[in-house]
Every structure is written in C-alpha cells, then in structure tokens.
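Okay, here's what each chain looks like letter by letter:
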Amino acid sequence: IFLHLENITEDKEKKIIHFLKSRKEVLSVTKTIGFCELEFRSITLDIHEHYKLLEELKTAFPDTIKSHNSVIYYKFHQALNYFPF
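These lines cover the structure that appears in this document, whether it is placed above or below. (Residues numbered from 1 in each chain as written. Predicted model: local features only at pLDDT ≥ 70, side-chain atom pairs only at ≥ 80, totals over all residues. Heavy atoms only, no water.)

1. Section: the overall build of the protein chain
For step 1, the next point in the chain: Of the regular secondary structure elements, the protein chain holds two helices and four strands.
For step 2, the next point in the chain: Counting over 85 residues, the protein chain shows a buried share of 26%.
For step 3, the next point in the chain: In the protein chain, the share of contacts with a sequence separation of at least 24, taken over all contacts with a separation of at least 6, comes to 58%.
For step 4, the next point in the chain: Accessible area of the protein chain: about 6,600 Å², with a carbon and sulfur share of 57%. (Helix = DSSP H or I, 4+ residues; strand = E, 2+ residues; numbered from the N terminus. Buried < 20%, exposed > 50% of the residue type's maximum accessible area, 1.4 Å probe, protein only. Contact = heavy atoms within 4.5 Å. Areas by Shrake-Rupley, 256 points an atom, 1.4 Å probe, with all protein chains shown as cover.)

Now the structure itself:
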C-alpha cells in the first residue's frame, strides 16, 4: 500500500510508522522518495480485512493521509523464482 501524506511532520510520521508496526498483519514499512511518502506491506485474510486496516489508519490520522494506492495479490506463493528457465 502506497500512502500519500500531507501536513506531515517528523512526529506524525513516527506515529504512523509506530501504528503500522504495531499491527500483526503489517510485514514492513518503508519511507520512500518520489511516488509516495510511505509504503507498507501487509497480509490480510480477505479484502474486508484489508479495507478495515485502511479505514483504521485513515481514522487515526485524518489530517495526514491524503490518499493511498493498493497493489493486491490474491494468492501468495511461498517460493518465488525470479530467474528465467
């Protein structure tokens, strides 16, 4: 999930990162340069849990979360092979 933030301060950013890291479904949080300000990866049981997480985030930081973009994978494979056969 790519988070586009506004009215961001160092303190607000730390609070968002802490919020995300405290969630069991969040695997990683990355501070980015360019397209968005923060990116995080999560694994949820279904799409409803995904949107619930986003709603909780937007409710906790209503003046900071401008928008978001999601990249959703419906199935996760344990072994990935990036080398061509």
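2. Remarks on a nonpolar patch on the surface
For step 1, the next point in the chain: Together, Tyr-51, Ile-72 and Tyr-74 line one region of the surface with nonpolar side chains, adding up to about 380 Å² of accessible area.
For step 2, the next point in the chain: Looking at where Ile-72 falls in the secondary structure, it is placed in the segment after β4 (65-69). (Patch = residues over 30% accessible without salt bridge, like charges linked within 9 Å, V, L, I, M, F, W, Y side chains within 5 Å. Salt bridge = Lys/Arg side-chain N within 4 Å of Asp/Glu carboxyl O.)

3. Regarding the side chain of Glu-25
For step 1, the next point in the chain: Positionally, Glu-25 belongs in the loop between α1 (10-21) and β2 (26-31).
For step 2, the next point in the chain: For Glu-25, the side chain forms a polar contact with the side chain of Arg-23, separated by 2.8 Å. (Polar contact = N/O pair within 3.5 Å; in protein donor to acceptor, adjacent residues only side chain to side chain.)

4. A short note on the pairing of strand β1 (residues 2-5)
For step 1, the next point in the chain: Alignment of β1 against strand β3 (residues 38-42), held across two bridges, turns out to be antiparallel. Bridging from a neighbouring strand, Phe-2 pairs with Glu-39 of β3.
For step 2, the next point in the chain: Sheet analysis places β1 next to β4, joined by four bridges and oriented antiparallel. Across the sheet, the residue bridging to His-4 is Ser-67, located in β4. (Pairing = 2+ DSSP bridges.)

5. With respect to the nonpolar core
For step 1, the next point in the chain: By size, the foremost hydrophobic cluster in this structure holds 14 residues, and its most contacted members are Leu-3, Ile-16, Leu-20, Phe-40, Leu-57 and Ile-65.
For step 2, the next point in the chain: Excluding anything up to four places from it in sequence, Leu-3 contacts Ile-16, Leu-20, Cys-36, Glu-37, Leu-38, Phe-40, Leu-57, Ile-65, Ser-67 and His-68. (Core = buried A, V, L, I, M, F, W, Y, C linked by side-chain atoms within 4.5 Å.)

6. Concerning the sheet that holds β3
For step 1, the next point in the chain: Across the sheet, which stays open at both edges, the four strands sit in the order β2-β3-β1-β4 with antiparallel pairing between neighbours. Single-partner strands in this sheet number two, and they are β2 and β4. For this sheet, the mean inter-axis angle between neighbouring strands, taken without regard to orientation, is 25 degrees.
For step 2, the next point in the chain: Looking at chain direction, β2 and β3 are connected through five bridges and run antiparallel. Residue pairing in the sheet places Thr-30 in a bridge with Glu-39 of β3. (Axes fitted to C-alpha atoms, helices over the stretch in contact; angles between N-to-C directions.)

7. Topic: helix α2 (residues 47-60)
For step 1, the next point in the chain: Helix length check: α2 (14 residues) gives 20 Å between terminal C-alpha atoms against 20 Å at 1.5 Å per residue, within 8%.
For step 2, the next point in the chain: Within α2, the full set of buried residues consists of His-50, Leu-53, Leu-54 and Leu-57. All buried residues of α2 project into a common sector of 95 degrees when viewed along the axis, lining one side. Exposed residues on α2 whose side chains face more than 90 degrees from its buried face are His-48, Lys-52 and Thr-59. (Expected span 1.5 Å × (residues − 1). Arc of directions from axis to C-beta.)

Function cannot be inferred from these measures alone, as they are strictly geometric.
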